[in-house]
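Here is how the chains run, residue by residue.
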Amino acid sequence: MSNASAADGGVRKGKLGQRIAYACGNLGQAAFYNAMSTYFVVYVTSCLFSGVDKALAAKLIGVITSLVVIIRIAEIFIDPLLGNIVDNTTTKWGRFRPWQFIGGAVSAVLLAIVFSGMFGLVNVNTTLFIVLFVITFVVLDVFYSLRDISYWGMIPALSSDSHERSTYTSLGSFTGSIGYNGITIFVIPIVTYFSYMFTGKQAESQSGWTAFGIIVMLLGIITAWTVAFGTKESTSVLRAKAQKNGNPLEAFKALFQNDQLLWVALSYLLYAIANVATTGVLLFLFKFVLDNPAAYSATGVIALVAGLIMAPLYPILNKCIPRRYLYISGMISMIVAYVLLGLFSTNIVVVFIALVLFYVPGTLIQMTAILSLTDSIEYGQLKNGKRNEAVTLSVRPMLDKIGGALSNGITGFIAVAAGMTGSATAADMTPANIHTFEVCAFWTPLVLIVLSLLVFAFKVKINEKMHAEIVEQLEAKLAAGEVSDEEAKTVETVEAVNEKAKTLTE
């Protein structure tokens, strides 16, 4: 074998190893997100306050779910600041890997503490519990955001090619599907098994949920550190000659001046709210409407299989189908699913058919949104003269956080308003209870999905061809030294070049 062939083989082997290491990260990250956005509130409503008076428990459930919503919405405005911190990080490890190491460890440990009921403090002093819970949850959310922002923000640092980026995004989505839906499949068996092990009863208990939190913690730490030690940032012309990222005010300014970023973000936000509002209460559908909680695990199987098939299939489909059409077709599938769920929520066969239509397009929608946000980095760099990688990609976890916060609120509201708390069963449900559930879980999210589709179809212009033209123009200008700080801020030629690129898709 020649030296050149050996070198090429080494490069391919190194790239493969980096891809695998990167993919591992979202396995634990997605499991973490599902545990917090979906099952934390299930834990709160069903078990956390089981040792407290029923009337007081209902009030405490309302307090905790309200606090979670308030905290997560308040922290939404912190995410771009965290992205700015990541963008301005300078270490021998690069910008992103240190935050995988630190953010992954801290957030994972605090997750286990939260699922332990703050080590049982809830049954000793409820006031002190709430105070410490707020502090812990805020710190947990901040470090999880640092992990999430640095993970997805790393993609443009690994490659400037749109199709190569789709490969990394596909791999992350593939393992993310395993992590997110794996939690859905195994949460009930894990909680039940460890509850029985420690209490001898076939019922949910604090010990079962604590064990669940510890398992998610270990998975989170291992996968975050795999990214930290297994990847390496590249140095392209776009990154090497990019201007310094500046202060947080400049970061916010860059976000609001990037119109394509904002339109993609709005479309994805509407989708994210609808998606988590529904998935957050699917357990209630099986437990209180269908009276078949054991069948709920099949939901995770459907979602897992859909993710495992669609994530690796996405780059293949995207080679012959523009990603905007993948997004639109995914939205149409979800609309059909919501109609079926809203009309036939008591028919388990139709419910499963609808769930297939609901979960299959999720990967198409999420990956298209992530890639559009990623490509808007160069769009913003050409338009504003600033390259904000982590700040731009902090938008996606910020949007997920909004959706997760609202999911927590919706789940808690339905649990209390419809009497779906504590020892309640399907026999206790009235037609009014079920109607309230259907409106919140299916019909309201359907409206949001339709709005998301309209925004993407009529306002989002950035696509693969437009991005390739932007990269080509940027590289030429940066190589010639034509984009300087002053020019980017004052000269209209940069805006004119950007307008030229935009017309390519019109």
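Residues numbered from 1 in each chain as written. Predicted model: local features only at pLDDT ≥ 70, side-chain atom pairs only at ≥ 80, totals over all residues. Heavy atoms only, no water.

### Side note on helix H13 (residues 282-289)
The condition that has to hold: Partly exposed residues are those whose accessible area sits between 20% and 50% of the maximum for their type, while under 20% is buried and over 50% is exposed, using a 1.4 Å probe and protein chains only. For helices the rule is a DSSP run of H or I covering at least 4 residues; for strands it is a run of E covering at least 2, with both sets numbered from the N terminus onward.
Counting buried residues in H13 gives seven out of eight residues, a clear majority hidden from the surface. Along H13, the residues classified as buried are Leu-282, Leu-283, Phe-284, Leu-285, Phe-286, Phe-288 and Val-289. The positive-phi residue at the C-terminal boundary of H13 is Asp-291, with phi of around 55°.

### Let's talk about the packing of aromatic side chains
For any pair of aromatic rings, the description rests on two quantities: the centre-to-centre distance and the angle between the ring planes. Just so we agree on the cut-off: Note on aromatic pairs: the rings of Phe, Tyr and Trp (six-membered ring only in Trp) are paired at centre separations within 6.5 Å, and the planes decide the class, stacked below 30 degrees, edge-to-face beyond 60, tilted for the rest.
Counted by the stated rule, this structure contains 29 aromatic pairs. An angle of 35° between the planes, with centres 5.3 Å apart, marks the rings of Tyr-43 and Phe-115 as tilted. Residue Tyr-43 is located in helix H1 (residues 3-48), and its partner Phe-115 is located in helix H4 (residues 97-115); the two are separated by 72 residues in the primary sequence. By relative accessible area, Phe-115 is classed as buried at 0%.

### Here we look at empty space enclosed by the protein
So the rule is basically this: The rule is simple: put a 1 Å grid over the protein atoms alone, call a set of points where a 1.4 Å probe fits but cannot get out a cavity, call an open set with protein on both sides within 12 Å along at least five of seven lines a pocket, and count a residue as lining if it has an atom within 4 Å of a point. Grid points are joined across faces, edges and corners, and a volume is the space filled by probe spheres set on the points. Residues are sorted three ways: Asp, Glu, Lys and Arg are charged, Ala, Val, Leu, Ile, Met, Phe, Trp, Tyr, Cys and Pro are nonpolar, and all the rest, Gly among them, are polar.
Counted under the stated rule, the structure contains seven cavities of 30 Å³ or more. Its volume calculated, the largest cavity comes out at about 620 Å³. Taken together, 32 residues form the lining of the largest cavity, with Ala-30, Tyr-33, Gly-176, Tyr-180 and Gln-366 sitting closest to its centre. Among the secondary structure elements, those contributing two or more residues to the lining of the largest cavity are H1, helix H6 (126-153), helix H8 (162-199), helix H12 (259-279), helix H14 (297-320), helix H16 (348-359), helix H17 (362-384) and helix H19 (395-417). Taken together, the residues of the lining of the largest cavity break down into 15 nonpolar, 12 polar and five charged.

### As for the side chain of Thr-223
Rule in force here: Should any heavy atoms of two residues lie within 4.5 Å, those residues are considered in contact.
Within the fold, Thr-223 resides in helix H9 (residues 206-230). If sequence neighbours within four positions are ignored, Thr-223 has contacts with Cys-24, Gly-25, Leu-27, Gly-28, Gln-29 and Arg-147.

### Remarks on the pattern of salt bridges
To keep it simple, the criterion reads: When a carboxyl oxygen of Asp or Glu is within 4 Å of a side-chain nitrogen of Lys or Arg, the pair counts as a salt bridge.
Here the structure, examined in full by the defined rule, presents three salt bridges. Across the salt bridge formed by Arg-165 and Glu-378, the nearest N and O atoms sit 2.6 Å from each other. Taken as a pair, Arg-165 in helix H8 and Glu-378 in helix H17 lie far apart in primary sequence, 213 residues in all. Taken individually, Arg-165 and Glu-378 each receive the classification buried, so the pair is uniform in this respect. Close ionic contact of Asp-375 with Arg-323 constitutes a salt bridge, the shortest N to O distance being 2.6 Å. With Asp-375 in helix H17 and Arg-323 in helix H15 (residues 323-343), the pair connects residues that are 52 residues apart, well separated along the chain. The same class applies to Asp-375 as to Arg-323, namely buried. Where salt bridges share partners, they join Arg-165, Arg-323, Asp-375 and Glu-378 into one cluster.

### Examining the nonpolar core
Just so we agree on the cut-off: Buried Ala, Val, Leu, Ile, Met, Phe, Trp, Tyr and Cys residues that are joined via side-chain atoms within 4.5 Å together make up what is termed a nonpolar core.
The biggest cluster of nonpolar side chains holds 114 residues, and the ones touching the most others in it are Phe-40, Phe-49, Phe-129, Trp-209, Phe-212 and Phe-437. Here this core takes 14 residues from H1, the largest share from any one element. Ignoring anything within four residues of it in the chain, the contact list for Phe-129 reads Leu-48, Phe-49, Ile-64, Gly-117, Met-118, Leu-121 and Val-122. Trp-99, Val-142, Leu-146 and Met-154 belong to the second largest nonpolar core, which has 17 residues in total.

### Here we look at the packing of H15 against H16
Condition: Where helices are involved, their axes are fitted lines through C-alpha atoms of the stretch in contact, as for all axes, and angles between N-to-C directions lie from 0 to 180°. Roughly parallel refers to an angle under 35 degrees, roughly antiparallel to one over 145, roughly perpendicular to one between 65 and 115, and oblique to any angle outside these ranges. Handedness of a crossing is defined here by the sense of rotation of the near helix relative to the far one, left-handed for an anticlockwise turn of less than a right angle and right-handed for a clockwise turn.
Orientation of H15 relative to H16, taken along the N-to-C sense of each, is 160°, at an axis distance of 8 Å. With respect to each other, H15 and H16 are oriented roughly antiparallel. In this structure, H15 meets H16 at a crossing whose hand is left-handed. For the pair H15 and H16, the contacting residues are Ser-333, Met-334, Val-336, Ala-337, Tyr-338, Leu-340 and Leu-341 in the first and Val-350, Val-351, Ala-354, Leu-357 and Phe-358 in the second. Counted by class, the contact of H15 with H16 contains 11 nonpolar, one polar and no charged residues.

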